[in-house]
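Coordinate analysis (summary)
Residue strings, one per chain:
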Amino acid sequence: MSDNRFYITTPIYYVNDVPHIGHAYTTLACDVMARFMRLDGKDVRFLTGTDEHGQKVEQAAANAGMDPKAFTDKVSQSFRDLVPAMGYSPDNFIRTTEPRHYAACQALWNKVLAAGDIYLGKYAGWYSVRDEAFYAESETEVGPDNKRRATASGAEVAWVEEPSYFFRLSAWQDRLLKFYEDNPRFIAPQSRRNEVISFVKGGLQDLSVSRTTFKWGVPVPNDPAHIMYVWFDALTNYITECGYPDETAPNWKYWPADLHMVGKDIVRFHTVYWPAFLMAAGVAPPKRVYAHGWWTNEGQKISKSLGNTIDTVALVKEFGLDQTRYFLMREVPFGNDGDFRRAAMVQRMDSDLANAYGNLCQRVLSIVAKNCGGAVPAKGPLTDADRPLLDKARGALAAVREKINEQAFNEALTTIWEVIGDANRYVDAQAPWALAKTDPARRDHVLWVLIETIRRVTLLAQPFMPGSTARILDQLAVPAEGRSFAAFDREMASGTALPAPQGVFPRYVDPAAPAPAPKQARKKA
Ligand code: ME8
């Protein structure tokens, strides 16, 4: 059933540069979505890849003294290396230099041409190589250094005059506005939707979709002096993956995509140009585009010239993989801009992970190991003291699913951590260690309630922290088939043997801090 499919994409990344936190963040958000949907029983297709054409990449290759293909082979590898380093689970990694992608771009071009929406003309206007974008003069300004820049991005623009094919975007204004109106979930968050609608209402100009002054790209069919505009080429990757133009291809069933995840800087390409290209070619537009915010570093804009880019692989080395994944998804409401601060990273690692979640698992599992013969204790009669916690844990799947469907990742985590907080308070209030003498049956039951709660929160935390949660589920002896959401209501069976517990979330150890003093010296102090 088509309802059960879920196709999610990351932007394809320019290979002019090595990956940084911005790339890692977009793909991480997609990875969490993809993992959640798989656990929730969906037939998922998760695509990421690299955008290898255009003037920007051609220039970067020339600066490196390399042939563009050899250059893109090298740099695209660093994006592929990010996949295992960040624990991503894409189903495929697409490169725009693949032959199948040339075929898809040319087929899409021919369709749009045949529909009368592409014509030959001459472009005279501003172009930014850094943004790979055309700008109206009104979207640029001249700085004190006499250089003209795009107001929105700050990237330098240059005057371009050359023969060019145009896409008849001006004719799409009403159809796009109707499409947005009929599909209120198409652009998220709401603030971006409002921006796009007012941009389109302001009137659309025809878009230059080919260039003649560089060579590195997909040639226009029957007119190879023209190279396709890199965004026409890049956006097409999403349907190349599905087998376009062969609508009988096995992967065509995934189109239209359920979600294109993008950064806020590339919303216009995905929500104005892309649906117009597709509709012109008679192909259904994607269902949703979500634009997330940008990270700054300790309050500063991240830029190569400031030398303050954040390498997520270095964060993983210092803080741990799941700690980094958790922090990036928890710290900032998705859709907003966020500031990366080391102090906040350490704080989340210690308080949310080591103290709240790790400590809950550790103290419950070690009491069980010591006192219940290393097996899941017996469930007893439920009391009013147990119900609120268990009810909240049971309701958490529906609550988290709702948040994930809105890409509210930080709220999904808050929902899970509320249950963890309640569970810790329940441990303190029920004091199972004190029940050992007075009421061992009740003690066993309290521990059962806790183990069952840990199982539920851990199932839900899997998309965010796949490695750590797998280790906790191992300690709860939850079999592989018990880890999907279909098994969410399959309660822990009393008597199941449990392996010896082990801590999963260490506290932060500052590598620069002096080693702790030997024990004796500390006693004297
Ligand atoms: O735009 N914080 O590729 P790209 C958060 N090839 N996100 C950031 C960021 C930051 N500081 N810096 C960059 C392209 N990003 C095109 C896409 S899709 C058909 C073609 C995000 O490598 C940025 O918002 O320049 C964008 O979504 C992504 O990194 C890729 O940027």
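Predicted model, so just to flag it, every value in this text is computed and none were measured.

Each value, and the rule that gives it
- Residues numbered from 1 in each chain as written.
- Predicted model: local features only at pLDDT ≥ 70, side-chain atom pairs only at ≥ 80, totals over all residues.
- Heavy atoms only, no water.
- Helix = DSSP H or I, 4+ residues; strand = E, 2+ residues; numbered from the N terminus.
- Buried < 20%, exposed > 50% of the residue type's maximum accessible area, 1.4 Å probe, protein only.
- Pairing = 2+ DSSP bridges.
- Phe/Tyr/Trp six-rings, centres within 6.5 Å; stacked < 30°, edge-to-face > 60°.
- Lys NZ or Arg CZ within 6 Å of the ring centre and 35° of its normal.
- Domains from an automatic or database assignment.
- Contact = heavy atoms within 4.5 Å.
- Buried area = accessible area lost by both parts, 1.4 Å probe.
- Salt bridge = Lys/Arg side-chain N within 4 Å of Asp/Glu carboxyl O.
- Near = heavy atom within 4 Å.
- Polar contact = N/O pair within 3.5 Å; in protein donor to acceptor, adjacent residues only side chain to side chain.
- Nonpolar A, V, L, I, M, F, W, Y, C, P; charged D, E, K, R; others polar.

**Quick word on unusual backbone geometry**
Of note, the amide linkage connecting Tyr-244 to Pro-245 takes the cis form, showing an omega dihedral of 5°. By the element assignment, Pro-245 lies in the loop between helix 7 (230-240) and strand 15 (259-263). Of note, the amide linkage connecting Trp-255 to Pro-256 takes the cis form, showing an omega dihedral of 0°. Counting through the fold element by element, Pro-256 comes out in the loop between helix 7 and strand 15. Not every positive phi belongs to a glycine, and Glu-298 is a case in point at roughly 50°. Looking at the element boundaries, Glu-298 is found in the loop between strand 17 (295-297) and strand 18 (300-301). Given a relative accessible area of 45%, Glu-298 falls into the partly exposed group. Notably, Ala-431 is not glycine yet its phi reads approximately 40°, a positive angle. Considering the arrangement of structural elements, one finds Ala-431 in the loop between helix 13 (409-430) and helix 14 (432-438). You can call Ala-431 buried: its relative accessible area is 16%.

**Points about the sheet that holds strand 9 (residues 158-167)**
Strand order in the open sheet formed by 4 strands is 6-5-9-11, and the pairing between neighbours is antiparallel. Strands at the two margins of the open sheet, each flanked by one partner only, are strand 6 (133-135) and strand 11 (207-208). Bridge count between strand 5 (residues 118-128) and strand 6: 3 bridges; the pairing is antiparallel. Considered in strand 6, the bridge of Trp-126 is made with Tyr-135.

**Regarding the sheet that holds strand 14 (residues 223-228)**
With antiparallel pairing, the 3 strands of this open sheet are ordered in space as 12-14-13. Each edge of the open sheet carries a strand with a single partner, namely strand 12 (210-211) and strand 13 (219-220). Sheet analysis places strand 13 next to strand 14, joined by 2 bridges and oriented antiparallel. Residue pairing for strand 14: Pro-219 is matched across the bridge by Ile-227.

**Details of the packing of aromatic side chains**
Applying the stated criterion across every chain, the model contains 32 aromatic pairs. With a centroid separation of 5.6 Å and an interplanar angle of 85°, the aromatic rings of Trp-109 and Tyr-165 are classed as edge-to-face. Separated by 56 residues along the polypeptide, Trp-109 in helix 4 (residues 99-114) and Tyr-165 in strand 9 bring together distant segments of the chain. This pair shows no difference in class: Trp-109 is buried, exactly as Tyr-165 is. A connected cluster of aromatic rings, assembled from ring pairs, spans Tyr-25, Tyr-290, Trp-295, Phe-327, Phe-334, Phe-340 and Phe-409. When the ring centre of Phe-93 is taken as origin, the NZ or CZ atom of Arg-80, which lies over that ring, is 5.4 Å away. The positively charged end of Arg-175 is found above the aromatic ring belonging to Trp-172, 3.5 Å away from the centroid.

**Focus: the domain arrangement of the protein chain**
Domains assigned within the protein chain are domain 1 (5-293) and domain 2 (342-487). Centre-to-centre, using C-alpha coordinates, domain 1 lies 42 Å away from domain 2. The interface is formed by 13 residues belonging to domain 1 together with 17 residues belonging to domain 2. Taking both partners together, domain 1 and domain 2 bury about 1300 Å²; carbon and sulfur atoms supply 67% of that area. Of all residues in domain 1, Val-32, Phe-36 and Leu-39 give up the largest surface area on contact with domain 2, accounting jointly for 47% of the area buried on that side. Where domain 1 touches domain 2, the interface holds 3 salt bridges. Here Glu-406 and Arg-288 are joined by a salt bridge, their closest N and O atoms 3.9 Å apart.

**Comments concerning the site of the ligand**
As a matter of local geometry, the ligand sits amid 22 residues, with Ile-12, Asp-51, Gly-263, Asp-265 and Trp-295 nearest to it. With respect to the ligand, the side chain of Asp-265 contributes an N or O atom lying 2.4 Å from an oxygen atom. Among the secondary structure elements, those contributing two or more residues to the shell around the ligand are strand 2 (13-14), helix 1 (21-39), helix 7 and strand 15. A per-element tally of the shell around the ligand places helix 7 first, with 5 residues. Among the residues forming the shell around the ligand, the class breakdown is 12 nonpolar, 8 polar and 2 charged.

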